[in-house]
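Spelled out from the first residue to the last, the chains are:
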Amino acid sequence: MKLASLLAPLAAALLLAMPAAHAAGGKVFRYAFEIAETGFDPVEISDLYSSNVIANIFDPPLTYDYLARPIKLIPNTLAAMPEVTENGTLYTMRVRPGIYFADDEAFKGAKRELTAHDYVYSIKRHFDPRKRSPNLYQFEGQMVGMDEVLADARKNNRMDYERVAEGLRALDRYTFQIRLKQPNYNFLYYLAYCNLTCAVAREVVEHYGDRTAEHPVGTGPFRLAFWKRSSKMVFEPNPNYREDLFDGTPPADDAAGQFILSRLKGKRLPLVDKVEVYVIEEPQPRWLAFLNNELDFLERVPNEFANVATPNNELAPNLRKRGVRMERTAGMELTYSYFGMKDPVVGGYEPEKVALRRAIVLGQDVGAEVRIARKNQAITAHSPIGPGALGYDPDFRSTATEYDPAKSKALLDMYGYVDCNGDGWRDLPRKSAADECKPFTIEYASAPSAQQKPLDENWKKNMDAIGINMAFKKAKWPDLLKESKAGKLQMWGLGWSAAIPDADAFFVMLYGPNGGQANHSRFDRPEFNRLYEEAKRLPDGPERNAIYREMNRLFLVYAPWRLGVHRIYTDLSQPWTIGFRRHPVMRGFWKYVDIDQPVLAQASR
Amino acid sequence: MSAVLPNNAPPAMQESPGLWTLAWRRLLNDRVGMVCLAIVATYLAMMLASYAGIVARDWNKEKGVSYANPSFMAGAENLEAREVTNKDFGSKAKPVDLSDIDPLAPRYKEWEERAAKIAVTEVKRAETLPFGGDKWGRDVLEKAIKGSEVSIFVGLTAALFATLIGTVLGAMAGYWGGRVNDFLEWFYNIFTSIPYILLILAFAAVFKRGLDTIIVILALTGWTGIYRLVRAEYIKHCGREYVKAAQAIGASHLSRMFVHILPNASHVILVQLSQHVVSFIKAEVILSFLGLGVPVDMVSWGTMLAEAQNELVIGKWWQLFAAGASMAILVTAFSMLTDSLRDALDPKLK
């Protein structure tokens with residue numbers, strides 16, 4: 001008796017730790033994240049995994065047609081698309097009445113309707129200095145009057161939410177208006193980007209205070225039911241979710257999209273009764289869990305298993321026989337390794353500093369990274385813009401990003417990075433031969449995971465080959481993110497997925513005033529910043545593309561990053577998992593996913 | 001009072017063999033022990049040879065294609081080394097001109113001339129390697145040999161240090177008892193109250209990364225078990241007649257502790273030593289796996305095993321086999337050798 005009572009919690013813990021078999025009756029959709037979430041307050045997060053979660057809990061005003069390609073914006077909580085007037089500077093939005101938040105103790109038992117005030121409040125939260133929004137840079141300098149609000153808030157270290165700015169205000173219960181200082185042709189995409197414009201309720205924020213990130217309460221299809229940090233998340237349908245029926249307009253020649261539409265059209269969303277998300281950082285257990293039917297969907301086949309799952313980039317025969325479906329898409333994204341531009345060794349804009357960075361860039365073999373570490377599941381990046389984004393030029397090539405160790409060594413020799421103390425590593429340049437030798441090490445930050453190791457090995461052997469001593473700083477990813485934001489890292493490798501389908505989503509990481517937010521390297525060149533601001537005022541077209549090209553060139557000569565790759569995503573769905581279609585920028589897809597129970601029952605027999 | 005009587009005229013008698021001579025004789029008669037000794041000696045020789053750069057000097061060279069097959073499997077298909085081009089993304093466009101904005105542009109010509117002088121040799125990569133290749137095309141056999149350097153060195157030295165700490169502290173606690181014992185027991189409790197892996201991680205977080213650090217960490221965390229056993233042995237032996245006799249002839253405390261009692265407790269210590277070598281080689285695996293162990297430009301059996309766990313799924317078993325077999329043979333030989341040593345050293349078996 002006593003033993004049993006002791007064992008019960010243990011058994012429960014074990015059950016929680018393992019993806020459980022499908023419970024009878026309810027449809028459960030289970031899949032895994034490769035990197036842990038950080039929290040669920042839209043205003044606080046910038047990492048992809050948390051962003052994926054909140055997009056299923058909260059509602060931005062607009063969303064995308066799930067199946068339309070090229071992508072197409074549609075109203076989400078709005079009654080119609082925003083009215084854009086006055087030369088593209090005045091956006092008027094009407095929220096559809098009758099949309100309710102999920103019930104929460106913060107509402108004291110009352111039903112809480114979504115109003116225009118919620119959107120105004122939620123956007124204002126980005127300007128609250130105490131929230132330290134990583135996305136504030138997207139709004140800075142955009143809306144009439146909000147920069148003044150921000151300046152005052154920073155001065156007092158307190159945000160006055162009552163203060164009404166002309167550029168961001170609610171006209172009545174269901175209407176709100178945004179007035180921009182100048183046309184910004186990406187602003188409509190902001191309205192579909194959950195991290196920026198998802199509606200949170202003020203009562204909830206005030207009720208939970210600093211713990212708001214643990215209590216996401218939204219109007220979206222799901223609500224958080226269980227959360228064990230960095231391990232497991234369970235989401236259940238929001239009972240107050242509005243009537244939302246599956247629809248989409250896939251291109252006629254898109255067989256996968258047409259199949260999904262034919263199976264699910266007209267069904268009420270969300271389709272499953274439960275979503276379970278596990279955090280499985282190591283690739284092998286994630287892959288095996290999928291093969292074992294413990295996961296219904298494998299987001300991004302780990303590279304190690306590319307030749308097992310998709311030899312020659314086609315689905316393996318054994319998986320095809322099981323009925324697994326594959327989707328391969330070049331991500332609108334980028335990996336890069338940045339140099340801390342404020343760092344005394346690798347930072348700076350003097351020719352000698354530029355030369356060091358350019359030499360490191362030339363000496364690093366991205367091709368080997370693609371072939372060996374990424375198993376050809378990526379393409380080499382030639383510009384910071386992700387494939388498919390507006391402004392991406394597939395023919396942009398340069399000699400500055402190629403792999404050429406001879407040129408790299410020549411450049412280091414030329415600028416005085418030679419081995420003067422005879423230890424086999426190059427030392428910093430000296431003013432005269434009589435000066436003391438100044439050895440240096442470059443510290444590359446990286447997370448301790450099996451996937452990171454080959455990348456580290458590649459860096460190490462490449463840098464050995466050109467005589468640069470590289471060391472590695474090992475820490476967990478969220479810790480590195482904190483250090484990076486504080487400007488403490490010399491080099492770090494990052495990935496970036498576009499949230500809006502425009503080159504702007506990538507250049508924000510190089511715009512000087514964004515230093516410490518999206519701009520991890522703190523690259524800051526006046527000529528680049530000017531071009532960036534100019535591009536914002538132009539619509540998509542040859543004129544803007546010419547500016548983007550110029551920005552690319554400036555980026556290449558100052559080399560604040562080593563460009564990495566654009567990854568190719570291979571997603572696998574089990575035969576009973578219906579409805580997943582990778583959208584280039586839209587993040588919340590759970591409500592569109594269905595579990596075909598007869599097929600599942602057959603498979604698990 | 002306890003002075004030894006001067007023995008001016010030693011009678012001509014046959015010298016009775018000492019403890020170590022007897023032990024050695026017994027060991028020579030133990031065939032298993034001798035085979036194991038030979039294996040361990042071979043490993044040590046291999047490790048030293050690799051350290052001196054006689055073998056596996058260029059283990060880091062990429063000699064073969066990615067996951068090159070072992071020579072005895074020459075014909076097998078190697079998917080990993082096959083070129084898969086992402087055709088849709090190629091381009092023949094001319095590189096963009098940067099010279100008008102490039103801070104390095106004034107020295108383009110000099111740069112080009114210098115670069116032309118630096119020869120880059122393209123290495124021909126072999127399709128097969130004697131015992132197969134890893135993902136970068138490095139020879140797995142050479143990696144295993146080079147890896148032995150780190151693994152054996154770390155395992156052995158850390159175990160020696162841990163045994164040393166455990167023995168000295170255990171001897172003190174057991175021999176003196178009282179306050180010394182209380183203090184050391186308290187100290188021991190602190191160490192054992194923290195879970196082992198957490199303790200290792202805590203030390204790893206504090207110290208700088210490197211091989212010497214791993215040794216220190218393992219030694220500082222691994223001595224506790226040995227300490228307890230040695231302490232018990234000393235408590236047991238302390239009151240025995242031979243120790244009293246030693247005291248009677250005027251042997252000092254240190255002499256009694258380490259000359260008289262230690263040989264009688266040595267079988268326990270030796271077995272502990274061998275077990276700790278084994279467990280430290282494994283601990284190094286864990287540390288390396290967590291990224292806290294050997295740096296990326298070094299190899300150990302631990303890092304090889306960590307790599308191998310993903311390779312097994314794609315059918316590349318040779319790295320796992322090379323590292324696993326090397327480790328298994330050494331560990332088995334070492335355990336059996338210490339077992340034989342124990343038998344040889346046990347005074348009761350005289």
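The structure under discussion appears in the preceding block.
What you see is a predicted model; the values in this text were computed from it and never measured.

Asker: I keep staring at the layout of surface pockets and nothing clicks. Help me out?
Answerer: Over the atoms rolls a probe the size of a water molecule, and in doing so it shows where empty space is left. Reported here for the second largest pocket is a volume of approximately 1200 Å³. Around the second largest pocket sit 33 residues that line it, and Y403 and K461 of chain A together with E62, V123 and R125 of chain B are the ones nearest its centre. Counting residues per element, the ones that place at least two in the lining of the second largest pocket are α13 (366-373), α14 (405-414) and α15 (452-465) of chain A together with β1 (64-70) of chain B. Sorting elements by how many residues they give to the lining of the second largest pocket places α15 of chain A first, with four residues. Residue composition of the lining of the second largest pocket, grouped by class: 15 nonpolar, six polar and 12 charged.

Asker: Just checking my understanding: could you explain the interface of chain B and chain A for this structure?
Answerer: Interfaces are often sized by the amount of accessible area the parts lose when they come together. Each side of the interface is counted separately: chain B has 46 residues, and chain A has 58 residues. Across the interface of chain B and chain A, roughly 4700 Å² is buried in total on both sides, 62% from carbon and sulfur atoms. Looking only at chain B, the three residues that lose the most surface to chain A are W111, W136 and V296 of chain B, adding up to 16% of its buried area. One can count seven salt bridges joining chain B with chain A. Put simply, E307 of chain B and K453 of chain A hold a salt bridge, and the shortest N to O gap is 3.0 Å. Only β1, α3 (108-117) and α11 (301-311) of chain B provide two or more residues apiece to the side of chain B that touches chain A. Looking at the side of chain B that touches chain A residue by residue, the class counts come to 22 nonpolar, eight polar and 16 charged.

Asker: Help me understand the state of the cysteines in this model?
Answerer: A covalent bond between the sulfur atoms of two cysteines is referred to as a disulfide. All names here are of chain A. Under the criterion given, the structure shown has two disulfides over all chains. The disulfide bridge from C194 ends at C198, spanning 2.1 Å between sulfur atoms. Taking the sign of the S-S torsion, -110° for the link of C194 and C198, the bridge is left-handed. Take C194: its relative accessible area is 6%, and that puts it in the buried class. Taking the relative accessible area as the measure of exposure, C198 reaches 3% and is therefore buried. Regarding the disulfides, chain A carries the connectivity 1-2, 3-4 under sequence-order numbering of its bonded cysteines.

Asker: Is there a simple way to explain empty space enclosed by the protein in this structure?
Answerer: Residue and element names in this part refer to chain A. According to the stated counting rule, one finds 11 cavities of 30 Å³ or more in the structure shown. Going through the elements one at a time, β2 (62-64) and α6 (194-197) are the ones with two or more residues in the lining of the largest cavity. The class makeup of the residues in the lining of the largest cavity is 13 nonpolar, six polar and three charged.

Asker: Can you walk me through the pairing of strand β7 (residues 175-179) of chain A in this structure?
Answerer: For a regular strand, side-chain orientation follows a simple rule: the groups alternate between the two sheet faces. All names here are of chain A. Most of β7 sits inside the fold, with five of its five residues counted as buried. Of the two faces of β7, the one holding T175, Q177 and R179 and the one holding F176 and I178 are both buried throughout. The pairing of strand β5 (residues 90-94) with β7 spans five bridges and is antiparallel. The partner of T92 across the bridge, within β7, is Q177. Judged from the four bridges that link them, strand β6 (residues 168-172) and β7 form a sheet pairing that is antiparallel. Bridge pairing in β7 places D172 opposite T175. Turn length for the β6-β7 hairpin, with the two strands adjacent in sequence and antiparallel, is two residues.

Asker: It is not clear to me how the packing of helix α12 (residues 351-363) of chain A against α14 of chain A should be interpreted in this structure. Could you clarify?
Answerer: Residue and element names in this part refer to chain A. Orientation of α12 relative to α14, taken along the N-to-C sense of each, is 160°, at an axis distance of 8 Å. Judged on the interaxial angle alone, α14 and α12 are roughly antiparallel. The way α12 lies across α14 gives a crossing that is left-handed. Of α14, the residues touching α12 (which contributes A355, L356, R358, A359, L362 and G363) are P405, K407, S408, L411 and L412. Along the lines of polarity and charge, the residues of the contact of α12 with α14 split into seven nonpolar, two polar and two charged.

Asker: Sorry if this is basic, but what is going on with the sheet that holds strand β10 (residues 274-279) of chain A here?
Answerer: Pairing between sheet strands relies on hydrogen bonds along the backbone, with the strands arranged either parallel or antiparallel. Residues and elements named next belong to chain A. Judged by pairing direction, the sheet is mixed, and its four strands sit side by side in the order β1-β10-β9-β8 without closing on themselves. Two strands in the sheet have a free side with no partner beyond their single neighbour: β1 (28-33) and β8 (222-228). Between one strand and the next, the sheet's axes are offset by a mean angle of 20°, whatever the strand orientation. Here β1 runs beside β10; their pairing, made up of six bridges, is parallel. Bridging from a neighbouring strand, Y31 pairs with V277 of β10.

Asker: Would you mind showing me how to read the sheet that holds strand β20 (residues 561-563) of chain A here?
Answerer: Residues and elements named next belong to chain A. Strand order in the open sheet made by the five strands is β18-β17-β19-β13-β20, with mixed pairing throughout. Of all strands in the sheet, those bounded by a partner on one side alone are β18 (470-474) and β20. Between one strand and the next, the sheet's axes are offset by a mean angle of 30°, whatever the strand orientation. Two elements, strand β17 (residues 442-446) and β18, share five bridges in a ladder whose sense is parallel. Bridge pairing in β18 places E443 opposite A471.

What counts and how
Residues numbered from 1 in each chain as written. Chains lettered and ligands numbered in written order. Predicted model: local features only at pLDDT ≥ 70, side-chain atom pairs only at ≥ 80, totals over all residues. Heavy atoms only, no water. 1 Å grid on protein atoms, 1.4 Å probe; cavity = no way out; pocket = protein on both sides within 12 Å on 5 of 7 lines; lining within 4 Å. Points joined across faces, edges and corners; volume = space filled by probe spheres on them. Helix = DSSP H or I, 4+ residues; strand = E, 2+ residues; numbered from the N terminus. Nonpolar A, V, L, I, M, F, W, Y, C, P; charged D, E, K, R; others polar. Contact = heavy atoms within 4.5 Å. Buried area = accessible area lost by both parts, 1.4 Å probe. Salt bridge = Lys/Arg side-chain N within 4 Å of Asp/Glu carboxyl O. Disulfide = S-S within 2.5 Å. Buried < 20%, exposed > 50% of the residue type's maximum accessible area, 1.4 Å probe, protein only. Pairing = 2+ DSSP bridges. Axes fitted to C-alpha atoms, helices over the stretch in contact; angles between N-to-C directions. Parallel < 35°, antiparallel > 145°, perpendicular 65-115°, else oblique. Left-handed = near helix turned anticlockwise from the far one by under 90°.

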